Amino acid sequence: YSNFIDHLRVYVRGGTGGMGYPNLGGEGGRGGDVWFVARERTTLKSISEKYPQKRFVAGTGANSSVKALKGEKGKDCEVHVPLGISVLDDDGKQIGQLNAAGERFLAARGGLGGSLATNFLPCKGQRRTVHLDLKLLADVGLVGFPNAGKSSLLSKISHAKPEIANYAFTTIQPELGKIMYADYKQISVADLPGLIEGAHANKGMGHKFLKHVERTKQLLFVVDISGFQLSIKTQFRTAFETILLLTKELELYKEELVTKPALLAINKMDLPCAKDNLDELMTQLENPQGFLHLVEEEIIPANTLEFREVIPISTYTGEGIEELKTCIRKSIDEQAEQVNEEYRKKKLLLLQTSK
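Since we're looking at a predicted model, the values are computed, not measured. Each chain has its residues counted from 1, running along the sequence as written. Two thresholds apply to this predicted model, a pLDDT of at least 70 for residue-level local features and 80 or more for giving and counting side-chain atom pairs, whereas whole-chain, interface and lining totals are computed over all residues. Neither water nor hydrogens contribute to the side-chain values; these are computed over all heavy atoms in the structure.

Caption draft 1: A look at a nonpolar patch on the surface. Together, Leu24, Val66 and Leu69 make up a nonpolar patch on the protein surface, roughly 270 Å² of accessible area in all. Segments assigned H or I by DSSP are reported as helices when at least four residues long, segments assigned E as strands when at least two residues long, and all are numbered from the N terminus. Among the secondary structure elements, leucine 69 is positioned in the loop between strand S3 (55-57) and strand S4 (77-81). Candidate patch residues must exceed 30% relative accessible area and have no salt bridge, after which like charges are joined if within 9 Å and Val, Leu, Ile, Met, Phe, Trp or Tyr side chains if within 5 Å. Here the open area of atoms and residues is found with the Shrake-Rupley method and a 1.4 Å probe, where only the protein chains shown may cover a residue. We define a salt bridge as a contact between a side-chain nitrogen of Lys or Arg and a carboxyl oxygen of Asp or Glu at a distance within 4 Å.

Caption draft 2: How the structure looks around the packing of helix H4 (residues 239-253) against helix H5 (residues 274-286). Interaxial angles span 0 to 180 degrees and are taken between N-to-C directions of axes, which are lines fitted to C-alpha atoms, for helices over the stretch in contact. Put simply, H4 and H5 touch, their axes get as near as 9 Å, and they point 40 degrees apart. Judged on the interaxial angle alone, H5 and H4 are oblique. Every residue of H5 that contacts H4 at Ala239, Phe240 and Ile243 is listed here: Leu281, Gln284 and Leu285. Residue composition of the contact of H4 with H5, grouped by class: five nonpolar, one polar and no charged. Under this scheme an angle from 65 to 115 degrees is roughly perpendicular, one under 35 degrees roughly parallel, and one over 145 degrees roughly antiparallel; angles in between are oblique. Two residues qualify as a contact provided that any one of their heavy atoms is within 4.5 Å of a heavy atom in the partner residue. As a working rule, the residues Ala, Val, Leu, Ile, Met, Phe, Trp, Tyr, Cys and Pro are called nonpolar, Asp, Glu, Lys and Arg charged, and the rest polar, with Gly in that last group.

Caption draft 3: Representation of the sheet that holds S4. Pairing between strands requires that DSSP locate at least two bridges from one strand to the other. The sheet built from three strands is open, its strands ordered S4-S2-S7 with mixed pairing. Since the sheet does not close on itself, it has two edges, and those belong to S4 and strand S7 (104-108), each with one partner. Pairs of neighbouring strands in the sheet enclose a mean axial angle of 30 degrees, with direction left out of account. Bridging between strand S2 (residues 34-38) and S4 involves five bridges; their strand directions are parallel. In the sheet register, phenylalanine 36 faces S4, and the bridge partner there is valine 79.

Caption draft 4: Fine view of the environment of valine 66. Position of valine 66 relative to the elements: it lies in the loop between S3 and S4. For valine 66 and tyrosine 21, which are 45 residues apart along the polypeptide, the C-alpha to C-alpha distance reads 8.2 Å. Discounting residues that sit within four places of it in the chain, valine 66 has contacts with Tyr21 and Leu24.

Caption draft 5: Expanded view of the packing of aromatic side chains. Ring pairs shown here join Phe, Tyr and Trp side chains whose ring centres sit within 6.5 Å, with only the six-membered ring taken for Trp; geometry is labelled stacked below 30 degrees between planes, edge-to-face above 60, and tilted in between. Scanning the entire structure with this criterion turns up five aromatic pairs. Between tyrosine 51 and phenylalanine 56, the aromatic rings sit 4.9 Å apart at their centres with planes inclined by 70 degrees, giving edge-to-face as the arrangement. Burial here depends on accessible area, computed with a 1.4 Å probe over protein chains only, as a share of the maximum for the residue type. Under 20% is buried, over 50% is exposed, and the range in between is partly exposed. Given a relative accessible area of 32%, tyrosine 51 falls into the partly exposed group. Classification of phenylalanine 56 by relative accessible area gives buried; the value is 3%. Centre to centre, the rings of phenylalanine 221 and phenylalanine 307 are 5.3 Å apart; their planes meet at 70 degrees, and the pair counts as edge-to-face. Taken as a pair, phenylalanine 221 in strand S12 (residues 218-224) and phenylalanine 307 in the loop between H5 and strand S14 (310-312) lie far apart in primary sequence, 86 residues in all. Two thresholds decide whether a charge sits over a ring: the Lys NZ or Arg CZ must be within 6 Å of the ring centre and within 35 degrees of the ring normal. Taking NZ or CZ as reference, arginine 104 lies 4.5 Å from the ring centre of tryptophan 35, over its face. When the ring centre of tyrosine 181 is taken as origin, the NZ or CZ atom of arginine 329, which lies over that ring, is 5.2 Å away.

Caption draft 6: Here's a closer look at the domain arrangement of the protein chain. The domains assigned to the protein chain are domain 1 (7-134) and domain 2 (138-339). Averaged C-alpha coordinates put domain 1 and domain 2 at centres separated by 43 Å. As annotated, the domain borders come from an automatic or database domain assignment.

Caption draft 7: Geometry of the side chain of glutamate 214. Within the secondary structure, glutamate 214 sits in the loop between helix H3 (206-213) and S12. As used in this structure description, the phrase polar contact means that two N or O atoms lie within 3.5 Å; if the pair is within protein, one of them must be able to donate a hydrogen and the other to accept it, and residues adjacent in sequence are counted only when both atoms belong to side chains. Here the side chain of glutamate 214 touches lysine 254 through a polar contact of 3.1 Å, side chain to side chain. Every residue in contact with glutamate 214, bar those within four places of it in the chain, is listed here: Lys135, Tyr253, Lys254, Leu257 and Lys260.

Caption draft 8: Structural view of the nonpolar core. Residues belong to a common nonpolar core when they are buried Ala, Val, Leu, Ile, Met, Phe, Trp, Tyr or Cys residues joined through side-chain atoms within 4.5 Å. Of all hydrophobic cores here, the largest spans 59 residues; its most connected members are Val12, Val34, Phe36, Phe221 and Leu250. The leading source of residues in this core is H4, at seven residues. Counting contributing residues, this core receives three or more from each of domain 1 (7-134) and domain 2 (138-339). With 21 residues, the next largest nonpolar core counts Ile179, Ile313, Cys327 and Ile328 among its residues.

Caption draft 9: Here's a closer look at unusual backbone geometry. The phi torsion at arginine 41 lies on the positive side, around 60 degrees, for a residue other than glycine. By the element assignment, arginine 41 lies in the loop between S2 and helix H1 (44-50). Arginine 41 sits in the exposed class, given a relative accessible area of 83%. If you check the backbone angles, lysine 54 has positive phi at about 55 degrees while not being a glycine. In this structure, lysine 54 sits in the loop between H1 and S3. Overall, lysine 54 belongs to the partly exposed group, its relative accessible area being 24%.

Dropping the structure here:
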C-alpha cells in the first residue's frame, strides 16, 4: 500500500486516581480517561507520525488535601482518529466504531481516587492494547482488475488527481474523490487497489482491498471491453469472465458484498472491435446462465450480479462519462429513498404496536 496506513496498534492507559485524605475523609480525584474522537481530515498516518510510540496515557487525579477535600479529575487524553474506524481488542473482537465526525469512544477509563471505600488508596486506570482498523467510507466503490481504467475514471468524474501510469498495478493506495453536481450534491467515490484472482485468499493486496469495499453503499464495476491478462503467466479473461471473477472474489470474501446495488461501466470503448465485443457482452449479460458452460467452473459465482445500469464509456475520449455520473446520482438517490421508506414503515409499525 506504499505509505497509506489503514491499521494501527496503540497502547492506551487511563490515569491513576488521586490519594485520599484519611484524617478528614477526603476523596482523591478520579484519573483521566482516554477517548478516541472521530475528526475529518485526519489519517492514521498522521497519528503514527505525531505519536511514534503509539502510547496514549491520561492525567493522574489530584490528591485530596485540606484545601480541597475532593481532588480534581485528571486530564482526559483525546486522540483524533479518521472517520470509518473500527476499534478492536487484542483478540480481534470489535468493541467500538466511529463513522461520523464528533463521535467518541471511551478507550480506557481512569482509576477511582482514594476514598473510605478503597482505604484512601487510589486505583490504577484501565490499560490495554487496541487496534484501529480503517475502512474507507464512500458512497461508491470502484471495483475492477488492474489496468481497467479506474484511476482514469476517477480523475474524469471527480476532482481527485490519482497517479496514472501504463503498468498493471497503478493504484497502490486508495484514492477518494467527490463528484460535484450542478445542484451542489456531492457523491464520494473510492478508487481501491486493483483486485487479482485469488484476492479472497489474500493474494496480491487481497484483504487490504476487500475490507474497504464493505463500507461503500454501492459498487461500480469497471471492466476493460477487450478483456484482461495480468501477465504472460496468467490466463487471458474476456470481459464476461472478468465480471464473473470479480463477483466471485467479492462473494468468497464476504457473501453480503454481492447484495449491494451495483453499476457496470464498460471502459475503453475507443479501441478497435469494441462495438462488436460490447454486443457480445450484452448478449451474455442478458442471459448469463446460457454462457456459463463455456467457462471454468471455479470462476462461476454462486449468484450472478444484476447491474442496475450498464454504461459503455471511454476515459480516453470522454464518451459516456456524463451519462455515468447521471446514473450514479440516480442510483444513490433511489437507494436513499428506499432506506427512508423502510425507516418510515418501521416507525409506523412501532406506533401501531405501541397503541
